[in-house]
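# An overview of the molecular structure
One-letter residues, chain by chain:
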Amino acid sequence: MTTPDSDSLLAEQLLRLTRRVHRIQKRHLQRSGLGVTPAQARLLRTLAHCDGPPRMADLAARLEVVPRAVTTLVDGLEASGLARRAPDPTNRRVIRIELTEGGRGALRELRGARVSAAEEILDPLTTLEREVLSALLDALVGGESVDHEPGRERHDEREHAGEGEPDRRSEPDRKEQPGRTR
C-alpha cells in the first residue's frame, strides 16, 4: 500500500528524472550540430508520423500547444531548410507543413542522438530492469495495465471490487506465482 509520503517521493523522483532526460537530450541535440531545439525536434518527429502534410492547427492539437507556438517552431525549421509551408492542393487558403529532404536527414541524426541519450540514461539498469521499466512506462503513458504483484490492487480495481466476479487476488488462500516474492 502506498502512503502519501511515498507518493510524494515518487512524484519528486519522476520530476527529477524528467528534468534529467531533458538535460541529456538537449546536450545530445547540441552535439549533433543540427541547431535544432528540443521543441523543434519534437515537431519534426510529429511531422514524420503524420499521414500527410498537416495544417498548423493539426500540429498544434497533436503537440498540445497553442497555434502561435507552432508558427514560431515552423518559422525556425523553415529557416533551417528542414520543413516548408506548402499550399493545400484542394483549398488554396489552407497551408500545410511538410518535411524537406533536409528535415528527413535531420530526423535520422536526431534518432541517433535520442538513442545515445537513452543509452546514457539507462546504462545503470540491467536488461531485466529495462524490460520492467518499459512495461511500467507503457502503463503510465498508455494507461495499460501491467502484471501487478499479488495482493496489490490498482485504484480502478478497488473501485469495482465486489461487482460481478470476486477479486481472487485478495483471497487469503491464493497460490503464489512462481518467481514472485512478497
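Whatever comes next refers back to the structure up there.
Okay, so let's go over this structure.

### What to know about the overall build of the protein chain
- The secondary structure content of the protein chain amounts to seven helices and two strands.
- Reading the protein chain from its N terminus to its C terminus gives the helix and strand order α-α-α-α-β-β-α-α-α.
- Out of the 182 residues in the protein chain, the part that is buried amounts to 21%.
- Here the analysis covers contacts within the protein chain between residues at least 6 apart in sequence; of these, 45% occur between residues at least 24 apart.
- Roughly 13,100 Å² of accessible area belongs to the protein chain as shown, and the carbon and sulfur atoms make up 53% of that amount.

### Considering the side chain of threonine 46
- Relative to the helices and strands, threonine 46 is located in helix 2 (residues 38-48).
- Judged by its relative accessible area of 13%, threonine 46 falls in the buried class.
- A polar side-chain atom of threonine 46 sits 2.8 Å from the main-chain carbonyl oxygen of arginine 42.
- Setting aside chain neighbours within four positions, we find threonine 46 in contact with Leu59, Arg62 and Leu63.

### Regarding the packing of helix 2 against helix 3 (residues 56-63)
- Where helix 2 meets helix 3, the closest approach of the two axes is 11 Å, and the angle between their N-to-C directions is 110 degrees. As the angle between them shows, helix 2 and helix 3 are arranged roughly perpendicular. Between helix 2 and helix 3 lies a crossing whose hand is right-handed. Contacts between helix 2 and helix 3 pair Arg42, Leu43, Thr46 and Leu47 from the former with Leu59, Arg62 and Leu63 from the latter.
- For the contact of helix 2 with helix 3, the residue count by class is four nonpolar, one polar and two charged.

### Re the pattern of salt bridges
- The final tally for this structure, using the stated rule, is seven salt bridges.
- A salt bridge links glutamate 120 to arginine 27, with the shortest nitrogen-to-oxygen separation between them at 2.5 Å. Placement of glutamate 120 in helix 5 (residues 101-122) and of arginine 27 in helix 1 (residues 4-32) is noted, with a sequence separation of 93 residues between them.
- A relative accessible area of 32% places arginine 27 in the partly exposed class.
- Among the ionic pairs, glutamate 101 bridges to arginine 104, the shortest N-O distance being 3.1 Å. In this pair, glutamate 101 and arginine 104 both sit in helix 5, three residues apart, roughly one turn of the helix.
- According to the relative accessible area criterion, glutamate 101 is exposed, its value standing at 57%.
- The class of arginine 104 is partly exposed, set by a relative accessible area of 34%.
- Within the structure, one salt-bridge network assembled from shared partners comprises Asp75, Glu78 and Arg85.

Cut-offs used in this document
Residues numbered from 1 in each chain as written. Predicted model: local features only at pLDDT ≥ 70, side-chain atom pairs only at ≥ 80, totals over all residues. Heavy atoms only, no water. Helix = DSSP H or I, 4+ residues; strand = E, 2+ residues; numbered from the N terminus. Buried < 20%, exposed > 50% of the residue type's maximum accessible area, 1.4 Å probe, protein only. Contact = heavy atoms within 4.5 Å. Areas by Shrake-Rupley, 256 points an atom, 1.4 Å probe, with all protein chains shown as cover. Polar contact = N/O pair within 3.5 Å; in protein donor to acceptor, adjacent residues only side chain to side chain. Axes fitted to C-alpha atoms, helices over the stretch in contact; angles between N-to-C directions. Parallel < 35°, antiparallel > 145°, perpendicular 65-115°, else oblique. Left-handed = near helix turned anticlockwise from the far one by under 90°. Nonpolar A, V, L, I, M, F, W, Y, C, P; charged D, E, K, R; others polar. Salt bridge = Lys/Arg side-chain N within 4 Å of Asp/Glu carboxyl O.

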